[in-house]
Each structure stands twice: as structure tokens, then as C-alpha cells.
Amino acid sequence: MKYLDEYRDADSARKLVDAIRRTVTRPWTIMEVCGGQTHTIVKYGLDRILPDTLELVHGPGCPVCVTSLETIDKAHAIASRPNVTFCSFGDMLRIPGSYGDLLALKAQGSDVRIVYSPLDAVSLAAANPNRQVVFFAIGFETTAPPNAMAVWQAKRRGLKNFSLLVSHVLVPPAMAAILSAPGNRVQGFLGPGHVCTVMGCTEYVPLAKQFGVPIVITGFEPIDMLEGILRCVQQLEAGQAEMENQYGRAVRHEGNPAAKRLIDEAFEVCDRKWRGVGAIPQSGYRLRPEFHDHDAERIFEIDGLNTQESAVCISGLILQGLKKPHDCPAFGKQCTPQNPLGATMVSAEGACAAYFAYGRHQLSGPTGVLEHA
Amino acid sequence: MCLGIPGKVVETYREHDMLMGKVDFGGVFKRVCLEYVPQVQPGAYVIVHVGFALNTIDETEAQFVFDFLERMNHLDELKVPAP
């Protein structure tokens, strides 16, 4: 195999691939939840060294990709106001909305800033008391503790000019929605390693039981992913459906209690609309009433938005694992990272961006980085 | 933002009553909130998501993960300057 020396332990990787080949006797479909895991699979060509009967489908774990078009349009409307400094993680700036993207708005003179940490937005609010500083609080459970701390600090410091535009999403309800959908093909999951460093593993135990699917909490390096896949197919072949933690060196069963405590102080669970997927009950966070003075949706009244999705882009089907990026007629043609039609082509965690970056323009071909010699 | 980046805590301090740290990510220094890893001491390695340490790891693991993220081009967020 080529490039196996990039693994921390090439010998273990070979053994894991062999063990997977020996274990699999039937066709199985496994979904990796996290967009970071998708990138590892595509870059290292993991899907191409596994048995043909084992299909990996890419999940909705790209927070930028699933942020609803309504929310993107609201961000655009808020950011275009003259008294607003709109702060965001960099990935969000090029996400196409009905009225263009935030980067174009910035080019037209709006005060749109990329920040490293939500606390940088809090500092901007403190330094600019005459401006409304809004932070675009998106993400899964990994960004919830930072955003919770930012709004908690702003409230404690009396920074009335700081607010969050919240569009937080949660992994377990999305997995339940995928498993409940008609036509679901997913039989096992590689769970999101870093989300579980915050939340722990407990939520995934009843999920595995209820739906009868193995869920293996998995890391992001090739060797982690191969081990996660092996553990998942071992369960599938044995007819088991348990939560397992492959990523024990980072994930404790109970997660990070201090982070969970502050999430709970600032946020409450709510229904949330996912771009490309639709509304999923109890699948997001919104600010608790004590923080409503810092809720951008309450501070800025936004009416008359007319959302308009691309007629060509199939990112919704890709996010549900029903299609692959190269199934899209626009992939690599009208839609590229330089000129994206959909969010999955923009984000560092998006499946289309991964397929484009690693030359996956067709279903098969000699583009896998990691191939059998 | 979902993939945490490992870094070394160089110093710790309090700012607005929060435990903060200066963290070294392969030569790039960032201001990081340490409230979620309150036991952490200078010299320790932490996994950082968008300016917040959410976990501690050992030095060898940190080096492996950092090199891996570098190969995957997952270190872009470190390029964003402080405001």
C-alpha cells in the first residue's frame, strides 16, 4: 500500500484492513457522522481499500453546511445594517444565501469580521460600545461551550451591545432522524469523536438500543477510523447494537462536566431546521430567557425574507447520505470551491469540498491516496 | 471548528475573572480560555476548539494530532488574527 508511512503505525493499519476484510461476510452501510472524518476517508482513500460490500456514507456533520438558509439570510440582513459589526468563523462567510454571501457584503462596505474565538467578538463589543456586535453562533456541541461562555461573559460584564445569532445543532437527534427516514440505508455509525469529548457517550447508548444500530465513537486519524470501522462491522456481523468508544484517549464517558454545565446555563434544547434535511425536533440549542437581551433574533426584527435555494445543488441529499457529491451534475463544473452553489462545497468539513480537493470527480478511478499495491 | 487543535499552555492568567492561557500551536501563539480544563498548568497540552481548551492530552499524542491536522490542511483557523 502507498502512503501507509503517513499513518502513525503502518503495520497496525494493514492489520486493521486485513481484519475488516476477514470480518465482513455481507454488504453493510456505515455512516461517519463528522465532516472531519469524511475528509480523512476521502484523502486517504479508505473507502477504496475496504471490501466492496462495505459502503461508507457521509453524514450531516458539517455545521456550516446544515445551517438553514433562513438563518444565513438573517445573518446577511443583520450584517448589512450600518451600526452592526458582524462576527463569524471564517467558513460562514462564503456560504451562499438567497441574497449573496457575507464576504460580498463585506466587500460592499459592511463591517463583517472573521474571528478566531467568540471571546474576540466579546472584546470587540467592549471596545466599541456604540456598535452592535453580533456573533454568528453556529456549530455542533463542540462550539456550544465557547459560545455559552461568550454570552455568559457579556451578560456578566453588562455588555448590552453584544448578541448571538444562534443556530446550534445537536448530533444525536440528527442520527435519530436519519434512522427514522423512509429509505434509510444506514446500519451502523462512526460517532463524532470531538463532540463526545464535550458531551460524553451516554446519549448514544439509548440511541443504539432504540434503533438497533452499533454506534462506535471514533477519532479522526486513518488508524482511528479503520479501528472504528472494524469494531462497527464486528458488531454488525455478530448482530449486536451497542455504543462503543474507540476514541478513549480523548473521550471520557461523562464528557467535560464544566463545559456541559455552562451549556446548560446559557442554552435550552429547541426544534431546529437543518439545511437540506428539514426540521428535526429537539435538535438545536437556543438561548435561555435569561439571555434574551443578548439574542440577535430578538434585538433585530427581520421581516420579508424570501429564501431561495439553488435549483441545481443536491447538498440536501448528500447531507442525508442518499447521494454522493459526484452524483451531482454541477459538481466540479458550475459548482467549485471558488464558485460554490451549496454549502457542502464551501466548508472545510463539507463532503463536496473533500471530493473536489482530493480529485474524486468520478465514482471510481485511480485517485485514491491509499491504494493496494 | 469541530476538529480541536492541540497546543501547549505556555502561561496562565485571569482575565475578567476567567482562567485564560497563552497557548503555543507549533509557533503560533493564541489567547485561549481554560475555564473548561481548570486544573491545567503551564507546560500541559490541551485540545482547543475556537479558542477554548476542552480537553488535555499528553505531549506525544499532541504532536501526532498536530502533524495530522497540518497534513489535512485543518489549521487555517490559527491564521485568524486577534481583533
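Each residue is numbered by its place in its chain's sequence as written, counting from 1. Chains carry letters from A onward and ligands carry numbers from 1 onward, assigned in written order. Reporting in this predicted model follows two pLDDT cut-offs: at least 70 for local features of residues, and 80 or more for side-chain atom pairs to be given and counted; totals over whole chains, interfaces and linings ignore these cut-offs and use all residues.

Draft legend 1. Representation of the overall build of chain B within the structure. A helix here means a DSSP run of H or I that spans at least four residues, while a strand means a run of E at least two residues long, and both kinds are numbered starting from the N terminus. Helices and strands together make up the secondary structure of chain B, namely one helix and five strands. For a compact globule the rule gives 2.2 Å times the number of residues to the power 0.38, and the radius of gyration it is set against comes from C-alpha atoms. Here the C-alpha radius of gyration of chain B, 12 Å, is about what a compact globule of 83 residues would show, namely 12 Å. Based on the C-alpha atoms only, the size of chain B along its principal axes is roughly 35 × 30 × 20 Å. Whether a residue is buried, exposed or partly exposed follows from its count of other C-beta atoms within 10 Å of its own C-beta, namely 20 or more, 12 or fewer, or something in between, respectively; the C-beta atoms are built from the backbone. Across the 83 residues of chain B, 41% fall into the buried class.

Draft legend 2. Main features of the interface of chain A and chain B. Each partner contributes to the interface: chain A provides 42 residues, whereas chain B provides 30 residues. For the side of chain A that touches chain B, the secondary-structure elements that each account for two or more residues are helix H2 (35-44), strand S4 (111-114), helix H7 (118-127), helix H8 (144-156), helix H10 (193-199) and helix H13 (257-266) of chain A. The dominant element in the side of chain A that touches chain B, judged by the number of residues it contributes, is H7 of chain A, at five residues. Charged means Asp, Glu, Lys or Arg here, nonpolar means Ala, Val, Leu, Ile, Met, Phe, Trp, Tyr, Cys or Pro, and polar covers whatever is left, Gly included. For the side of chain A that touches chain B, a count of residues per class yields 19 nonpolar, 14 polar and nine charged. We call two residues in contact when their backbone-placed C-beta atoms lie within 7 Å.

Draft legend 3. Fine view of the sheet that holds strand S8 (residues 215-218) of chain A. All names here are of chain A. Whether two strands pair depends on DSSP finding at least two bridges between them. Pairing is parallel across the open sheet formed by five strands, whose spatial order is S2-S1-S7-S8-S9. Each edge of the open sheet is held by one strand with a lone partner, namely strand S2 (54-61) and strand S9 (243-245). When the angles between neighbouring strand axes are averaged without regard to direction, this sheet yields 25 degrees. Sheet topology places strand S7 (residues 188-192) next to S8; four bridges connect them, and they run parallel. Bridging across to S8, Pro-192 finds its partner in Thr-218. Every axis corresponds to a line fitted to the C-alpha atoms, with the helix fit spanning only the stretch in contact, and the corresponding angles, defined between N-to-C directions, vary from 0 to 180 degrees.

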